[in-house]
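# Architecture at a glance
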Amino acid sequence: MRTTSITIHPDALMHNLKVIKKKLNPNTKVLAMVKADAYGHGIDATVPALIHADGFGVACLSEAMAVKQVLDSRNVKKPIVLIEGAFSLDEWKVAVEHDFGCLIHHQNQLAWALAHQPKQDQCCHTIWLKYNTGMSRLGFNDDQIILAAKSLTDAGYRLILTSHFACADDKTHPLNALQISKFDQALARIRAFAPDTLGSLCNSAGIFNFKDHHHDWVRAGIALYGSKPVADQSAKALNLMPAMTLSAQVMAIHTLAAGDSIGYSALWAAQKPHKIAVVSIGYGDGYPRVVMGAKVSVSDTLGNRHLCDIIGRVAMDMFMIDIDGLDIAIDAPVVLWGDSPTIDEVALCAGTIGYELMCRLTTRPKRCIMDAYPPNKES
Ligand SMILES: *Cc1c(COP(=O)(O)O)cnc(C)c1O
């Protein structure tokens, strides 16, 4: 059987949440970002492990429903926030019906919220109001943000002013200071007429790089999954553990003669007799075809692990690795990313970031969950 698989480690997710919480002052809450099927880890596998987060952030209504189903099955009630808000008036009404928290970044959404209000005691009675402080993606600009806040608070809504960093991974980037100062000023102006307004500015990178600017809610994504949030430190150096292992196996072994080439386009040829192995994973599983200089970890017959080079081109179902001089057997386990190599090391070889590699895994690898989930009550 082809045993290409994605293994999720709940203990790592729990550990990373604790590491993040330790960075925060005790009043700051964590919105665990589980959009895009929990960054490819799977909502069902991830949400139970992050049950002690203060809420869950998703990109759209269907993702919110999936999170709600998991929380309901464990009898847990926590805010679920549509971090891009409703995409139509009908969606707004459904979100209110299910009591999903909603972000408002645009005049249309503001009109829907003013026209169809939830009850005072509903979670969705708190609006995540998005302010564009420099990302120029979503949010009200300087000239509209105070007016938008005023119309919502006049209508009785409670607010969480929110904004998103463009360059938080690089703490020296000048845009950070500008975004922070705009955010602080707008928050102060809104609090002048709505004193119970909360703030939410930081993603994972902001949590680690801007610890004086955590405000009331942080929105943690990539750090929960154990990939590096900041440019100048590895995940390991930040005490983050990989929540996913992508693995496959050796399915054939050959000794090439000098001059034999391998794979599509014959990109690599043996200079001398050379032992290679074929590994049961390819871009059809979501492993990037474009990698240059990536390594995989292979276990030898004694169970010792070795980092081996990928040679030749990655194909849809397979690629080849250099195992010359090693005692590797058919069926030997191969780790593509996990503890070693890390997803960040592979991402670097693929010209991308850990986020993308996690999210673009296909449905072909078998999915499994490593071990137990925490109880609902925090101990
Ligand atoms: C995805 C997302 C986050 C989380 O970002 P990370 O870099 O993964 O921590 C935070 N805020 C918003 C608005 C997002 O869309």
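Residues numbered from 1 in each chain as written. Predicted model: local features only at pLDDT ≥ 70, side-chain atom pairs only at ≥ 80, totals over all residues. Heavy atoms only, no water.

Looking at an unreviewed UniProt entry, the chain carries the name Alanine racemase, with the source organism given as Moraxella canis. Here the chain is described in UniProt, under the heading Pathway (unreviewed entry), as follows: "Amino-acid biosynthesis; D-alanine biosynthesis; D-alanine from L-alanine: step 1/1." (UniProt positions renumbered as here; feature names shortened; annotations may be inferred.)

Here we come to the overall build of the chain. When you go through the chain residue by residue, the secondary structure sums to 12 helices and 18 strands. Each principal axis of the C-alpha distribution contributes one length, and for the chain these read about 80 × 45 × 40 Å. Counting only residues that meet the buried cut, the chain has 52% of its 379 residues in that class. In the chain, of all internal contacts separated by at least 6 residues, the share reaching a separation of at least 24 is 67%. With an accessible surface of roughly 17000 Å², the chain has 54% of that area assigned to carbon and sulfur atoms. The distance from the centre of the 36 positive side-chain charges to the centre of the 37 negative ones in the chain is 3 Å. (Helix = DSSP H or I, 4+ residues; strand = E, 2+ residues; numbered from the N terminus. Buried < 20%, exposed > 50% of the residue type's maximum accessible area, 1.4 Å probe, protein only. Contact = heavy atoms within 4.5 Å. Areas by Shrake-Rupley, 256 points an atom, 1.4 Å probe, with all protein chains shown as cover. Lys, Arg positive; Asp, Glu negative; His and termini not counted. Charge placed at Lys NZ, Arg CZ, Asp CG, Glu CD.)

Here we come to the site of the ligand. The full set of residues close to the ligand is Met33, Lys35, Tyr39, Ile83, Lys130, His164, Asn203, Ser204, Arg219, Gly221, Ile222 and Tyr355. One of the side-chain N or O atoms of Ser204 is found 2.5 Å from an oxygen atom in the ligand. Take Ile222: an N or O atom from its main chain is 2.8 Å from an oxygen atom of the ligand. Within the complex, the protein chains bury 93% of what would otherwise be the 390 Å² of accessible surface of the ligand. Its residues assigned to classes, the shell around the ligand shows 5 nonpolar, 4 polar and 3 charged. (Near = heavy atom within 4 Å. Polar contact = N/O pair within 3.5 Å; in protein donor to acceptor, adjacent residues only side chain to side chain. Nonpolar A, V, L, I, M, F, W, Y, C, P; charged D, E, K, R; others polar.)

Here we come to the packing of aromatic side chains. With the rule as written, the count across this model stands at 6 aromatic pairs. Ring centres of Tyr39 and Tyr225 lie 4.6 Å apart, and the angle between their planes is 25°; this geometry places the pair in the stacked category. Of the two residues, Tyr39 is situated in helix H2 (residues 35-39) and Tyr225 in helix H10 (residues 222-225); the sequence distance between them amounts to 186 residues. Taken individually, Tyr39 and Tyr225 each receive the classification buried, so the pair is uniform in this respect. Ring plane angle 45° and centroid distance 5.2 Å describe the contact between Tyr287 and Phe319, whose orientation is recorded as tilted. Linking Tyr287 in the loop between strand E13 (274-279) and strand E14 (295-299) with Phe319 in strand E16 (residues 319-322), this pair joins segments that are 32 residues apart in sequence. A relative accessible area of 0% means that Tyr287 is categorised as buried. Grouped by ring-pair contacts, the aromatic residues Tyr39, Tyr225 and Tyr355 constitute a single cluster. Looking at Lys150, its charged tip hangs above the ring of Phe193, at a distance of 5.4 Å from the centre. (Phe/Tyr/Trp six-rings, centres within 6.5 Å; stacked < 30°, edge-to-face > 60°. Lys NZ or Arg CZ within 6 Å of the ring centre and 35° of its normal.)

This part takes up the UniProt feature "domain: Alanine racemase C-terminal" (unreviewed entry) in the chain. Under the feature "domain: Alanine racemase C-terminal" (unreviewed entry), the UniProt entry names residues 243-370. Split by type, residues 243-370 is 10% helix and 38% strand. Its first and last C-alpha atoms lie 10 Å apart.

Judged by nonpolar contacts, the single largest core of 118 residues is most densely connected at Val34, Leu129, Tyr287, Phe319 and Ile321. Formed by 8 residues, the second largest nonpolar core is a distinct cluster that contains Ile276, Val278, Ile311 and Met320. (Core = buried A, V, L, I, M, F, W, Y, C linked by side-chain atoms within 4.5 Å.)

Right, let's get into helix H8 (residues 174-193). For an α-helix, 3.6 residues make a turn, and residues three or four places apart therefore share a direction. Spanning 20 residues, H8 covers 31 Å between terminal C-alpha atoms, matching the ideal 28 Å at 1.5 Å per step. The complete set of buried residues in H8 reads Asn176, Gln179, Ile180, Phe183, Ala186, Leu187 and Ile190. Along the axis of H8, the buried residues cluster in a sector spanning 140°; they form a single face. With respect to the buried face of H8, the exposed residues turned more than 90 degrees away are Pro174, Ala177, Gln185, Arg189 and Ala192. Of the surrounding secondary structure, the elements contacted by the buried residues of H8 are helix H7 (142-154), strand E7 (158-162) and strand E8 (198-200). (Expected span 1.5 Å × (residues − 1). Arc of directions from axis to C-beta.)

So, on to the environment of Gly85. Inspection of the secondary structure puts Gly85 in the loop between strand E4 (80-82) and helix H5 (89-98). Given a relative accessible area of 0%, Gly85 falls into the buried group. Along the sequence, Gly85 and Phe100 sit 15 residues apart, while their C-alpha atoms lie 9.6 Å from each other. Contacts of Gly85, omitting those with residues within four sequence positions, involve Leu103 and Gln109.

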